[in-house]
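Structure assessment
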Amino acid sequence: MDFDSKEHIEGAAVTLHNTAFGTFSNGAGNFQIDNILSEKYTLAITAPGYNRHEKVIRLEADLELGTIYLVKYGSEGTGAALQKTIRATNVSRQLVERPNLMGNTIYGISPEPKKVEGNFYLDNQWNVASILLYREQTVLEGFRVRYNINSNMFELMEPEKQLVSVMPGLRIQNIVWMDSAYNVPRYFVNGMDFKEDGVPISGFFEVIVEGELPLMRRTIAVFKESNYNTALMVGNRNDQIIKRNVYYYLRGKDLFEVPKRRKKLFPIFDEKAEEMKAFAHENEIDLKETGAIFQLFTYYNSQFPGFVPIMEQLLDDNN
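No experiment lies behind these values; they were computed from the predicted model shown. (Residues numbered from 1 in each chain as written. Predicted model: local features only at pLDDT ≥ 70, side-chain atom pairs only at ≥ 80, totals over all residues. Heavy atoms only, no water.)

**Re the overall build of the protein chain**
Within the protein chain, the secondary structure is distributed over 5 helices and 17 strands. Buried positions account for 36% of the 319 residues belonging to the protein chain. The long-range share in the protein chain, meaning contacts at least 24 apart out of those at least 6 apart in sequence, stands at 47%. (Helix = DSSP H or I, 4+ residues; strand = E, 2+ residues; numbered from the N terminus. Buried < 20%, exposed > 50% of the residue type's maximum accessible area, 1.4 Å probe, protein only. Contact = heavy atoms within 4.5 Å.)

**A short note on the pattern of salt bridges**
Throughout the structure, instances matching the rule amount to 8 salt bridges. With its nearest N and O atoms 3.2 Å apart, the salt bridge here joins Asp-270 to Arg-251. Placement of Asp-270 in the loop between helix H3 (262–265) and helix H4 (273–282) and of Arg-251 in strand S16 (residues 239–251) is noted, with a sequence separation of 19 residues between them. The partly exposed category is assigned to Asp-270, whose relative accessible area is 43%. Among the ionic pairs, Lys-260 bridges to Glu-257, the shortest N-O distance being 3.1 Å. What makes Lys-260 exposed here is its relative accessible area of 70%. (Salt bridge = Lys/Arg side-chain N within 4 Å of Asp/Glu carboxyl O.)

**Here we look at the sheet that holds strand S1 (residues 13–16)**
Across the sheet, which stays open at both edges, the 4 strands sit in the order S2-S1-S3-S4 with antiparallel pairing between neighbours. Both edges of this open sheet fall to strand S2 (22–24) and strand S4 (53–58), since each of them pairs with a single strand only. Direction aside, neighbouring strands of the sheet carry axes that sit 20° apart on average. Of the pairings in the sheet, the one linking S1 to strand S3 (residues 40–46) comprises 4 bridges and is antiparallel in character. Bridge pairing links Ala-13 to Thr-46 in S3. (Pairing = 2+ DSSP bridges. Axes fitted to C-alpha atoms, helices over the stretch in contact; angles between N-to-C directions.)

**Focus on the confidence of the model for the protein chain**
For residues with low pLDDT, the predicted coordinates do not support detailed interpretation. Of all residues in the protein chain, 83% attain a pLDDT of 70 or more, and the chain-wide mean is 81. Considering each helix and strand of the protein chain separately, the mean pLDDT is smallest for helix H2 (residues 102–107), with a value of 39, and largest for H4, with 94. (pLDDT = per-residue confidence, 0-100.)

**Points about H4**
Among all positions of H4, only Ala-273, Met-276, Phe-279 and Ala-280 are buried. Mapping the buried residues of H4 onto a view down its axis gives an arc of 120°, with all of them on the same face. Turned more than 90 degrees from where H4 packs its buried face, Glu-274, His-281 and Glu-282 sit exposed. Those residues of H4 that are buried are in contact with helix H5 (290–302). Phi turns positive, to about 50°, at Glu-284, one or two residues after H4. (Arc of directions from axis to C-beta.)

**A word on the pairing of strand S9 (residues 164–168)**
The pairing of strand S8 (residues 153–157) with S9 spans 5 bridges and is classified as antiparallel. What sits directly across from Leu-156, in S9, is Ser-165. Count of turn residues in the S8/S9 antiparallel hairpin: 6 residues, of which Gln-162 carries a positive phi of about 60°.

**Topic: the environment of Thr-19**
Assignment of secondary structure puts Thr-19 in the loop between S1 and S2. Each C-alpha atom of the pair Thr-19 and Tyr-41 lies 8.8 Å from the other, and the pair is 22 residues apart in sequence.

**Section: the packing of H4 against H5**
Relative to each other, H4 and H5 sit at 130°, their axes nearing to 11 Å. Taken together, H4 and H5 sit at an angle that is classed as oblique. Judged by the sense of rotation from one axis to the other, the crossing of H4 with H5 is right-handed. Residues Glu-275, Met-276, Phe-279 and Ala-280 of H4 form the contact with H5, whose own contacting residues are Gln-295, Leu-296, Tyr-299 and Tyr-300. (Parallel < 35°, antiparallel > 145°, perpendicular 65-115°, else oblique. Left-handed = near helix turned anticlockwise from the far one by under 90°.)

**Observations concerning the pairing of S4**
Across 6 bridges, the pairing between S3 and S4 is antiparallel. Within S4, the residue paired with Leu-43 across the bridge is Lys-55. Between S3 and S4, which follow one another and run antiparallel, lie 6 residues, and Gly-49 among them has a positive phi close to 85°.

Rendered as structure tokens:
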């Protein structure tokens, strides 16, 4: 609203400083900006022939600003109002832009937009792969691939022109790729071919130990939202994508999570349970370490014909 005439101002530009949010006032001098995150902002209002108006606002819910007056350039009889407007503008800029003022000690510098740390790829690098499709058991060779855990989609880079296409995981039966870190093959199978609690599983499992009782690993990506406390300046400022591994053993077509407790772990080896317990004791295997699972399943499966060991390096987390 015009400070002198008290008339509504149409077409005034309303923006939130350092954001993409903005609008214009209508014929009644009103404006509304929707879908804004709860945060501290500097509201700026400009109109031709008027001094710029700025105000620091903190959004925690819907906010009604009331009547806002704009002062014309060179307006007579409004010196005090003009000085107040200029003073308010300067203070708002200082609070947001100058970290050496006392105000920033209390409120903190206006934070940058939060980011997402991490990614949903099983391996962020492109790996040369051989891909077996369900349809007609077709084999694709020479492609470089990345696997998105969250979407269960494979990104395929064509070897010659390096064009990238996307293939749903449900079309792929298994895939072998050369690990980018250790240059050894990694073997993945589609969970749709197995069942957990009688239900097929979406996503892929990495075969860690093959044999009579295979050991398999599934990597899960979890989105963790920022817990940063602006007032106390503690916590994680950014959202995070955290990956963790869950280990399974395969009996027939049924997958079971590897027990974490000692009393439940050894019985899965059936008649060799006591032998496995003795092996762990003699070799001082710490069952709290991930490598212990690999050692136990490797030893167990090595006692059956046709066992082929896998590279131990792949037990490390390379995501």
